[in-house]
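Now for the letters of each chain:
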Amino acid sequence: MVRQEPAKLLSPSSNLGVAFFIINTKHKSKYMDNIELKRFWEKVKEEYVGILPESVHPWIYSLEVSGYDKGVLTVVTGQAMARDWLRKYHSEQMNKTLKTITKNEAACIHIIYDENEARKMKKEVEKIHKKELELQQKEQAIENLSYMQSSSNLNLKYKFENFVVGENNKFAHSAALAVAKNPAQKYNPLFIYGKAGLGKTHLMQAIGHYTIFNNPKAKVKYTKTDDYINDFISNSRKSNDYVENMAKFNKKYTNIDIILIDDIQFIESKERTMERMQHTFDTLYNKGKQIVITSDRIPEEIPKLTDALKTRFEWGLMVELIPPEIETRIKILKNLAQNCGIEAEQAALKYIAENYDKNVRELEGAFTKVCAFAEMSEQKITLNLAQQILKCKPAEAVSFDSVAKITAEYLNVDVDDIKGTSRNQKVVKARQLIFYLCRELTNQSFESIGEYFNKKHTTAMYGHEQVKNKINASQELSNAVREIKQALKVIR
Ligand code: ADP
Ligand code: MG
């Protein structure tokens, strides 16, 4: 690159805004360096874009400055056509502009074609095309994905990402995730049970979303048991060919990789549908396909469920969902507030969470109600607002005494032994459970719990810890906790 004396190149009086390029020759090199040359070219380019037709702008932008020598500005292009076109139709205008900018009558632009530049450009163009193609493919994949999700009957909200994991659902969540990651490997069928509104459908559909996202070719089918029953009945009643209708029905429910059957308890007493379900189950199971079932109770408690189905449902893994603890409920509300983009006071969320402890659907419903009022009145969710809208009655206080009585009765131990010194294993276990429940339900300190039961605070703390660590892995223990809470009327 040839350098030029800047003082000669530009005059301080230039009214084109390029005086900037005049260098103080006292202190700096008298030559235009690379940066200055680039800046100079940027300004010239700007002028060109201002005077030349829009159709040639892409060519102007593609020009690279190479040097400036004795009024000759050399620029390089990788497009032969740009060189030819600009030279033929626009050189006069370009030179005129350059002369004005530089105040040099001899100034002119020299456009040359450069193969290296052409190669560089080709690479750039290829890179852009590749990016565009990737973007297109990504958009297509997202389109396909939402199509598959809707054709599988999945609710877009029910994904693992939106599922808050807490002590109450840790076990069920990890089982569902394991099934989603490795379908039909370990837990087949996966049977998720629990009372209404605790996230069974959400967790089940999360498996579906996960599968479709990670393996777009997988065929996922979500069906409510009611729909399955109705479909079966209407197919078997059609007056035309029964065999053909049944073949179609079977194909619909067995030509898939994962079936998600929601609320199986509704199959109760429907003998012919149960037979068909058994057939569906066996076909899928034998083909190595994953089956996920939800129910509001264990198979044992579904009236008139055939033994054949009962055993099949119990073959794999059965996991229970129980009401979430306060921390999890607050987390769920926080997520909701965040997703709605509404500001909410911690105290307001705590108030809602404290008063809706049995059912996440009801918890969400209460939040939605408060949220709607807050939005209408353009304010954030405050404790005051939540109290006004929900008007919850304060929950009855739980005493250490009632926890001890009900737990001792449940575990069949003498309540007096709890305060005593007995080291009997049954009593020790009951004591630990009482410490756990007292702490969880009353939020009192370990000191006061220990003192009430004639124990050191470290003993109360240890007992609490023991139960907390075991509760997720032990169905028996979590059942005991739930049933005692029900008896204490802290949950329904
Ligand atoms: P179920 O099928 O057990 O009756 P759902 O799966 O329909 O309950 O859940 C009820 C509502 O509560 C849904 O809107 C669901 O998204 C929400 N929900 C339940 N558990 C959770 C959780 N752990 N995290 C976030 N949302 C939850
Ligand atoms: Mg459900």
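Residues numbered from 1 in each chain as written. Chains lettered and ligands numbered in written order. Predicted model: local features only at pLDDT ≥ 70, side-chain atom pairs only at ≥ 80, totals over all residues. Heavy atoms only, no water.

Draft legend 1. Fine view of the pattern of salt bridges. The full count for this structure, using the stated rule, is 18 salt bridges. A salt bridge links K252 to D231; its shortest N-O distance comes to 2.7 Å. On the criterion of sequence distance, the pair formed by K252 in helix α9 (residues 242-254) and D231 in helix α8 (residues 225-237) is long-range, its members being 21 residues apart. (Salt bridge = Lys/Arg side-chain N within 4 Å of Asp/Glu carboxyl O. Helix = DSSP H or I, 4+ residues; strand = E, 2+ residues; numbered from the N terminus.)

Draft legend 2. Structural detail: the site of ligand 1. Around ligand 1, a shell composed of 18 residues is seen, among which K157, G197, T201, H202 and E364 lie nearest. Between an oxygen atom of ligand 1 and a main-chain N or O atom of G197, the distance comes to 2.7 Å. Because more than half of its atoms lie within 2 Å of the grid, ligand 1 is assigned to the second largest pocket. Listing elements by their share of the shell around ligand 1, those giving two or more residues are α7 (200-214) and α14 (360-376). In terms of residue class, the shell around ligand 1 is built from 7 nonpolar, 6 polar and 5 charged. Mapping the shell around ligand 1 onto the domain boundaries places at least three of its residues in each of domain 2 (160-320) and domain 3 (326-390). (Near = heavy atom within 4 Å. Polar contact = N/O pair within 3.5 Å; in protein donor to acceptor, adjacent residues only side chain to side chain. 1 Å grid on protein atoms, 1.4 Å probe; cavity = no way out; pocket = protein on both sides within 12 Å on 5 of 7 lines; lining within 4 Å. Sits in = over half its atoms within 2 Å of the grid points. Nonpolar A, V, L, I, M, F, W, Y, C, P; charged D, E, K, R; others polar. Domains from an automatic or database assignment.)

Draft legend 3. Molecular detail of the pairing of strand β8 (residues 317-321). β8 sits mainly inside the fold: 4 of its 5 residues count as buried. The sheet contact formed by strand β4 (residues 190-194) and β8 spans 5 bridges and is parallel. Each residue of the ladder has a partner; that of G194, found in β8, is L321. (Buried < 20%, exposed > 50% of the residue type's maximum accessible area, 1.4 Å probe, protein only. Pairing = 2+ DSSP bridges.)

Draft legend 4. Molecular detail of the layout of surface pockets. Here the second largest pocket defines a volume of roughly 660 Å³. Residue lining of the second largest pocket: 31 residues in total, with Y158, G199, H202, V360 and E364 positioned closest to the centre. Take the lining of the second largest pocket: its biggest share by element is 5 residues, from helix α12 (residues 326-340). The class makeup of the residues in the lining of the second largest pocket is 11 nonpolar, 11 polar and 9 charged. (Points joined across faces, edges and corners; volume = space filled by probe spheres on them.)

Draft legend 5. Summary view of the sheet that holds strand β5 (residues 220-224). Reading across from one edge, β5-β6-β7-β4-β8 is the order of the 5 strands in this open sheet, with parallel pairing throughout. The sheet is open, and its two edges are formed by β5 and β8, each paired on a single side. With direction set aside, neighbouring strand axes in the sheet form an average angle of 15°. Direction of pairing for β5 relative to strand β6 (residues 258-262): parallel, over a ladder of 5 bridges. Each bridged residue has a counterpart across the sheet, and for Y222 the counterpart in β6 is L260. (Axes fitted to C-alpha atoms, helices over the stretch in contact; angles between N-to-C directions.)

Draft legend 6. A look at the nonpolar core. Judged by nonpolar contacts, the single largest core of 49 residues is most densely connected at L190, I207, I352 and F367. Taken domain by domain, the makeup of this core includes at least three residues from each of domain 2 (160-320) and domain 3 (326-390). What I207 contacts, discounting residues up to four positions off in sequence, is F160, A176, V179, A180, L190, I258 and V292. Residues A430, V467, I471 and L477 belong to the second largest nonpolar core, which totals 26 residues. (Core = buried A, V, L, I, M, F, W, Y, C linked by side-chain atoms within 4.5 Å. Contact = heavy atoms within 4.5 Å.)

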